[in-house]
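Observations on the three-dimensional arrangement
Read off the chains here:
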Amino acid sequence: QVQLVESGGGLVQAGGSLRLSCAASGRTLRNYAMGWFRQAPGADREFVATISWSGGGTSYADSVKGRFTISRDNAKNTVYLQMNSLKPEDTAVYYCAADLFTHSDLVPPPNVRRFGSWGQGTQVTVSS
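Residues numbered from 1 in each chain as written. Predicted model: local features only at pLDDT ≥ 70, side-chain atom pairs only at ≥ 80, totals over all residues. Heavy atoms only, no water.

1. Comments concerning the environment of Thr58
- Residue position: Thr58 is located in strand S6 (residues 58–60).
- With relative accessibility at 37%, the residue Thr58 sits in the partly exposed group.
- In this structure the C-alpha to C-alpha distance between Thr58 and Phe68, which are 10 residues apart in sequence, comes to 11 Å.
- Sequence-distant contacts of Thr58, that is, excluding residues within four places in its chain, are made with Thr50, Ile51, Ile70 and Val107. (Helix = DSSP H or I, 4+ residues; strand = E, 2+ residues; numbered from the N terminus. Buried < 20%, exposed > 50% of the residue type's maximum accessible area, 1.4 Å probe, protein only. Contact = heavy atoms within 4.5 Å.)

2. Details of the side chain of Ser52
- Structurally, Ser52 is set in the loop between strand S5 (46–51) and S6.
- For Ser52, a relative accessible area of 1% translates into the label buried.
- Ignoring sequence-local partners within four residues, the contact set of Ser52 consists of Ala33, Gly57, Arg72, Asp105, Leu106 and Val107.

Written as structure tokens, this is what we have:
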């Protein structure tokens with residue numbers, strides 16, 4: 001399986017920015033659609049963004065649309081999440097994961113159940 005490690009989280013004031021990275025090892029990400037998810041205290045893990053194999057297709061949760069950008073560099077085996085205009089409600093542990101059911105270079109449905117090989121997460125805290 002692919003092993004994923006998230007990094008780049010931290011403490012930021014509202015309106016600030018962070019860029020999260022998800023570094024993969026064990027297998028290439030070339031044929032994995034990837035996703036970012038987050039889990040706030042006391043809440044379920046929720047979809048944030050997904051990206052197709054090539055990076056040509058993306059999908060975002062309504063709550064982050066226009067503020068976050070998912071991207072990937074398959075040569076570096078890394079997926080990114082650029083987070084701008086951060087809000088306190090963005091505070092959560094952010095996870096990346098691989099879509100286990102991808103079949104082609106398409107954006108997968110925003111369903112957490114499709115994803116696996118979860119990383120350990122990186123904490124993002126946005127202060128007001």
